[in-house]
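What the coordinates show
These are the residues of each chain, in order.
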Amino acid sequence: MSCKEKKETAESESFVESIMTPSPRVTFTNDTVNKQVDVKIEGELFTSYVYDGQTPKPILYPILTKSGKTVTRGFPFATRPNERVDHPHHVGLWLNYGDVNGFDFWNNSFAIPKEEKHKYGTIYHQEILENNTDSGVLKIRAIWRSPLDADLLEEVTEFKFSEQGDTRIIDRSTTLKALVDVFFNDNKEGMIGIRVARELELPTDKPVLYTDVEGNITEVKALNNEGVNGDYFASEGLTGNDVWGTRNKWVKLEGNIEGETVSVTIMDHKKNVGFPTYWHARDYGLFAANPLGQEIFSEGKEILNFKLRKGESTTFKYRILVHNGSKLSQDILNQSFNEF
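Residues numbered from 1 in each chain as written. Predicted model: local features only at pLDDT ≥ 70, side-chain atom pairs only at ≥ 80, totals over all residues. Heavy atoms only, no water.

Regarding unusual backbone geometry
Phi is mostly negative for residues that are not glycine, and the peptide bonds are mostly trans. Our working definition: Helix numbering and strand numbering both begin at the N terminus, where a helix is a DSSP run of H or I of at least 4 residues and a strand a DSSP run of E of at least 2.
Following tyrosine 61, the chain continues to proline 62 via a peptide bond in cis, the omega torsion being -15°. Secondary-structure assignment places proline 62 in strand 4 (residues 59–63). Between phenylalanine 275 and proline 276 the backbone carries a cis peptide bond, its omega angle lying at -10°. Inspection of the secondary structure assignment puts proline 276 in the loop between strand 16 (260–267) and strand 17 (278–281). The phi dihedral of glutamate 258 is positive, around 55°, even though this residue is not glycine. Located in the positive-phi region is glutamate 299, a residue other than glycine, with phi close to 55°. With respect to the helices, strands and loops of the structure, glutamate 299 is situated in the loop between helix 2 (294–297) and strand 19 (306–308).

Set out below in structure tokens:
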């Protein structure tokens, strides 16, 4: 057995042992004044479920590794030095879509002018259904509402928070039930996304213009790349910017923050619509999986235009691994994917 094989075997055995070890205690604190639920593991903050309405959807923000490194961008709540301030709708970790019955839920933010708000949908938190510290489960209910105050979808999301060794885990299961006939027209902007810290971006020295479905242009400016060292690694072998617009069962974004290897991995689920999902993974820090934008990513070779008739529902499941320390190998990630 080669040294590499021995190392990968040891890593795999270590990961299996961590699965068999009882997960550290998860606690929830519902701050009804600030409208957020703080999620802690062994007393240390992992993330907060934020439903205060400052963003037009509930989010997980911030998200921290076990060692205390923040993997999410601070803007617009707590901007950090040298951080990008583009795309104000990219906040924390979220799930929504760019075209639901013609309304844009993805690009909605505080920055949209009042006269343009009629084009954008909002996800309104309704209630906390469960916060079980024994299982690490937080379950919520929300409504996807059009700007005409028409309720389109009822969302029930279960977050299961856990920790295995130096890996913190979010298993998200979101069931969307159609309250009217709902059409998810193929759209680039979706679906589960996280906007990451500056260090995890991919180095680039070129300013870029991005145009959304409404024709709004956002400039992503060229910045100093000092300390910026992220890279994408996909399950099917692609890396870097080549990952964008390709199908993969999982993608890892890895870099170094303050001298420590840190990674965020998003995993698709075999039962999700559109599996394996397309990836909307940009070098400037947007890291998203979009199973519903097939026409755009396939350059017209595939068309989905997913729909739910009134009363029908579908469930999207994703696993997010937030890791610090030694690198997570492909074998370990495949093992976690198979377990999920």
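Structural notes on the environment of phenylalanine 316
Keep this limit in mind: Only protein chains enter the accessibility calculation, which uses a 1.4 Å probe; a residue whose area is less than 20% of its type maximum is buried, one above 50% is exposed, and one in between is partly exposed. Whether two residues are in contact is decided by their heavy atoms: any pair within 4.5 Å suffices.
Mapped onto the elements, phenylalanine 316 comes out in strand 20 (residues 313–324). For phenylalanine 316, a relative accessible area of 0% puts it in the buried group. C-alpha of phenylalanine 316 to C-alpha of valine 273: the two residues are 43 residues apart in sequence and 7.4 Å apart in space. Residue contacts for phenylalanine 316: discarding those within four places in its chain leaves Arg172, Ser173, Thr174, Leu176, Met191, Asn272, Val273, Pro291 and Leu292.

What to know about the sheet that holds strand 15 (residues 250–257)
Note the cut-off: In this scheme, strands are said to pair when DSSP sees at least two bridges between them. Angles shown run from 0 to 180 degrees and are taken between the N-to-C directions of axes, each axis being a line fitted to C-alpha atoms and, for helices, limited to the stretch in contact.
Taken in spatial order, the 8 strands of this open sheet run 6-7-8-9-20-16-15-14, and their pairing is antiparallel. Both outer strands of the open sheet, strand 6 (122–132) and strand 14 (231–234), are each paired with one neighbouring strand and no more. Taking each pair of neighbouring strands and ignoring which way they run, the sheet shows an average axis angle of 20°. As paired strands, strand 15 and strand 16 are joined by 8 bridges and run antiparallel to one another.

Considering the nonpolar core
The criterion, for reference: Here, the term nonpolar core denotes a set of buried Ala, Val, Leu, Ile, Met, Phe, Trp, Tyr and Cys residues that are joined through side-chain atoms within 4.5 Å.
Membership of the largest hydrophobic core comes to 58 residues, with the highest contact counts inside it found for Leu153, Phe161, Phe184 and Phe287. Apart from residues no more than four positions distant in its own chain, phenylalanine 287 is found in contact with Ile192, Gly193, Ile194, Tyr232, Val251, Leu253, Val264, Ile266, Trp279, His280 and Ala281. Counting residues in each nonpolar core, the second largest holds 10 residues, with Val50, Val91, Trp94 and Trp106 among its members.

Things to note about the packing of aromatic side chains
Given two aromatic rings, their pairing is described by the distance between the two centres and the angle made by the two planes. This is how the line gets drawn: To pair, rings of Phe, Tyr and Trp, with the six-membered ring standing in for Trp, must have centres within 6.5 Å; the planes then decide the type, stacked if under 30 degrees apart, edge-to-face if over 60, and tilted in the middle. Charge-over-ring contacts are defined here by two conditions on Lys NZ or Arg CZ: a distance within 6 Å of the ring centre and an angle within 35 degrees of the ring normal.
The tally for this structure, following the rule as stated, stands at 15 aromatic pairs. By the ring-pair criterion, three or more aromatic residues cluster together here, those being Phe28, Phe46, Tyr49, Tyr51, Phe159 and Phe161. Between the NZ or CZ atom of lysine 57 and the centre of the ring of tryptophan 94, over which it lies, the distance is 5.0 Å. Its guanidinium or amino end placed over the ring of phenylalanine 233, lysine 252 lies 5.2 Å from that ring's centre, counting from NZ or CZ.

Considering the side chain of threonine 157
As a reminder, the rule being used: In protein, a polar contact requires one atom able to donate a hydrogen and another able to accept it; more generally it is a pair of N or O atoms within 3.5 Å, and residues adjacent in sequence count only if both atoms are side-chain atoms.
Among the structural elements, threonine 157 can be located in strand 8 (residues 151–164). When its relative accessible area of 0% is taken as the criterion, threonine 157 is described as buried. Within the structure, threonine 157 has its side chain in polar contact with the side chain of glutamate 155 (distance 2.6 Å). Here threonine 174 takes part through its side chain, which lies 2.7 Å from a polar atom of the side chain of threonine 157. Filtering out sequence-adjacent residues up to four positions away, threonine 157 remains in contact with Leu138, Lys139, Ile140, Arg172, Ser173 and Thr174.

Re the pattern of salt bridges
The condition is simple: A pair is scored as a salt bridge if a Lys or Arg side-chain nitrogen falls within 4 Å of a carboxyl oxygen belonging to Asp or Glu.
Evaluated as defined, the whole model comprises 19 salt bridges. The salt bridge partner of lysine 66 is glutamate 163, with a shortest N-O separation of 3.6 Å. Taken as a pair, lysine 66 in the loop between strand 4 and strand 5 (93–97) and glutamate 163 in strand 8 lie far apart in primary sequence, 97 residues in all. Of the residues examined, glutamate 163 reaches a relative accessible area of 7% and is grouped as buried. Linking arginine 141 and glutamate 127 is a salt bridge whose minimum nitrogen-to-oxygen distance equals 2.8 Å. In this pair, arginine 141 is assigned in strand 7 (residues 137–145) and glutamate 127 in strand 6, connecting sequence segments 14 residues apart. Residue classification places arginine 141 among the partly exposed residues on the basis of a relative accessible area of 21%.

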